[in-house]
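Each chain, letter by letter, is given below.
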Amino acid sequence: MNYKKLSIWVGGILGLFFLLYVLSAMIMWKSPLFSSIDYEGIKRKAVESRDPSKCSRLATNLGDGNPQEGCYFNSIQEIGDVSMCDRYPVDAKFCRNLIATKKGDASLCDAHTKPNDYNWCIYGLAGGPKGPKACDLLKPGTNYSRDRCLLGISEGNTKFSNSGFDQVNDVCSLISSDLLQDYCIGNTINHSKNVALCGLIKDQANLTKGTIASRICAL
């Protein structure tokens with residue numbers, strides 16, 4: 001047996017395997033599936049460089065999610081450049097709404113020509129830094145109303161004070177409908193578990209029987 005030729009042959013095979021390994025690693029590194037593992041890293045680079053196109057490295061379909069789409073939306077929102085909503089593969093309307101909410105800038109909602117689209121944008125502002133004041137900007141003649149806008153803040157607000165009174169005074173008290181105001185106070189009771197708020201309910205029947213609020217107030 002010629003051991004010299006055998007060693008050269010074995011060395012050649014090992015070298016080929018190593019080359020294939022390096023090539024496959026490089027392909028995997030560039031593939032969207034591999035890149036999806038570093039979602040936060042890629043999104044951060046997209047924001048820092050103000051270049052959302054970096055999100056294209058992410059997968060468009062991974063399980064039930066779309067990391068690439070999420071990266072585009074989140075990076076553009078953080079960058080805050082509305083013009084990018086029309087330059088990248090995102091829902092431009094929703095993209096503009098995200099930026100409007102982040103900045104608390106109601107003027108960005110004016111780009112919507114349809115009243116419902118405009119009001120949807122305003123709803124987003126109400127849940128953001130603009131707060132309850134945004135609800136006064138709603139256009140009439142649609143399914144969106146000031147009272148329901150305020151109630152939406154109550155339902156989406158997870159930052160309650162220990163007592164819950166701040167939520168009632170700052171949001172619920174602004175609602176004109178007794179029914180919706182009771183719902184708002186009920187939402188606050190659900191989160192704060194403050195029995196003292198039960199006395200503010202105008203009609204206990206509005207706390208639908210079986211809800212957490214009705215059980216708390218029944219104590």
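J.: Requested: an account of unusual backbone geometry, with residues and values cited.
T.: Phi is positive for Arg50, which is not a glycine, with a value near 55 degrees. Residue position: Arg50 is located in the loop between helix 3 (39-48) and helix 4 (67-79). Phi is positive for Lys193, close to 55 degrees, though the residue is something other than glycine. Structurally, Lys193 can be placed in the loop between helix 9 (178-192) and helix 10 (212-217).

J.: Which residues make up the packing of aromatic side chains, and what values go with them?
T.: In this structure the tally under the stated criterion is four aromatic pairs. Three or more aromatic residues joined by ring pairs form one cluster here, namely Phe73, Phe94 and Trp120. The ring of Tyr118 is capped by Lys139, whose NZ or CZ atom sits 4.4 Å from the centre of that ring.

J.: Account for a positive patch on the surface, with residues named and values stated.
T.: A cluster of like positive charges, contributed by Arg44, Lys45, Lys54 and Arg57, occupies part of the molecular surface. Within the element layout of this structure, Lys54 appears in the loop between helix 3 and helix 4.

J.: Any chance you could break down the state of the cysteines for me, citing the residues and the numbers?
T.: Disulfides are covalent bonds that connect the sulfur atoms of two cysteines. Under the criterion given, the structure shown has six disulfides. Paired through a disulfide, Cys172 and Cys184 show a sulfur-sulfur distance of 2.1 Å. On the S-S bond that ties Cys172 to Cys184, the torsion sits near -75 degrees, and the link is left-handed. Within this pair, whereas Cys172 is found in the loop between helix 8 (165-170) and helix 9, its partner Cys184 is found in helix 9, the two being separated by twelve residues in sequence. The class for Cys172 is buried, based on a relative accessible area of 1%. For Cys184, a relative accessible area of 0% translates into the label buried. Disulfide partner of Cys198: Cys217, at an S-S distance of 2.1 Å. Measuring handedness by torsion sign, the sulfur bridge of Cys198 and Cys217 sits at about -85 degrees and is left-handed. Pair noted here: Cys198 is in the loop between helix 9 and helix 10 and Cys217 is in helix 10, with a separation of 19 residues, a long-range link. We classify Cys217 as buried; its relative accessible area is 16%.

J.: Residues and numbers for helix 6 (residues 115-126), please.
T.: Between its first and last C-alpha atoms helix 6 spans 16 Å; for twelve residues at 1.5 Å apiece the expected length is 16 Å, and the two agree. Among all positions in helix 6, only Asp117, Tyr118, Asn119, Cys121, Ile122, Leu125 and Ala126 are buried. Considering only its buried residues, helix 6 is in contact with helix 5 (92-103) and helix 7 (146-156).

J.: So what's going on with the environment of Asn66? Residues and values would help.
T.: Note that Asn66 resides in the loop between helix 3 and helix 4. Setting aside chain neighbours within four positions, we find Asn66 in contact with Ala59 and Thr60. Of the polar contacts made by the side chain of Asn66, one reaches the backbone oxygen of Thr60; its length is 3.1 Å.

J.: Describe in detail the packing of helix 4 against helix 5, supporting the description with residues and values.
T.: Between helix 4 and helix 5, whose axes approach to 9 Å, the crossing angle comes to 40 degrees. Looking at the two axes, helix 4 sits oblique to helix 5. The hand of the helix 4/helix 5 crossing is right-handed. On helix 5, the residues that touch Phe73, Ile76, Gln77 and Glu78 of helix 4 are Phe94, Cys95, Leu98, Ile99 and Lys102.

J.: Provide a residue-level description of the confidence of the model for the protein chain, including the pertinent values.
T.: Residues of the protein chain with pLDDT of at least 70 account for 78%, and the chain-wide mean is 81. Mean pLDDT values over the elements of the protein chain span from 47, in helix 1 (residues 3-30), up to 93, in helix 4. Within the model, the stretch residues 16-34 combines pLDDT values under 50 with eleven contacts to residues more than four positions away or in other chains.

J.: Give a description of the nonpolar core that names residues and reports values.
T.: Side chains of nonpolar character tend, in soluble globular proteins, to be buried together. Counting residues in each nonpolar core, the largest one holds 50 residues, and the members touching the most others are Ile76, Cys95, Cys109, Ile122, Leu125, Ile185 and Ile189. Excluding its chain neighbours within four sequence positions, the residues that come into contact with Ile185 are Val168, Cys172, Leu197, Leu200 and Ile201.

What counts and what doesn't
Residues numbered from 1 in each chain as written. Predicted model: local features only at pLDDT ≥ 70, side-chain atom pairs only at ≥ 80, totals over all residues. Heavy atoms only, no water. Helix = DSSP H or I, 4+ residues; strand = E, 2+ residues; numbered from the N terminus. Phe/Tyr/Trp six-rings, centres within 6.5 Å; stacked < 30°, edge-to-face > 60°. Lys NZ or Arg CZ within 6 Å of the ring centre and 35° of its normal. Patch = residues over 30% accessible without salt bridge, like charges linked within 9 Å, V, L, I, M, F, W, Y side chains within 5 Å. Areas by Shrake-Rupley, 256 points an atom, 1.4 Å probe, with all protein chains shown as cover. Salt bridge = Lys/Arg side-chain N within 4 Å of Asp/Glu carboxyl O. Lys, Arg positive; Asp, Glu negative; His and termini not counted. Charge placed at Lys NZ, Arg CZ, Asp CG, Glu CD. Disulfide = S-S within 2.5 Å. Buried < 20%, exposed > 50% of the residue type's maximum accessible area, 1.4 Å probe, protein only. Expected span 1.5 Å × (residues − 1). Contact = heavy atoms within 4.5 Å. Polar contact = N/O pair within 3.5 Å; in protein donor to acceptor, adjacent residues only side chain to side chain. Axes fitted to C-alpha atoms, helices over the stretch in contact; angles between N-to-C directions. Parallel < 35°, antiparallel > 145°, perpendicular 65-115°, else oblique. Left-handed = near helix turned anticlockwise from the far one by under 90°. pLDDT = per-residue confidence, 0-100. Core = buried A, V, L, I, M, F, W, Y, C linked by side-chain atoms within 4.5 Å.

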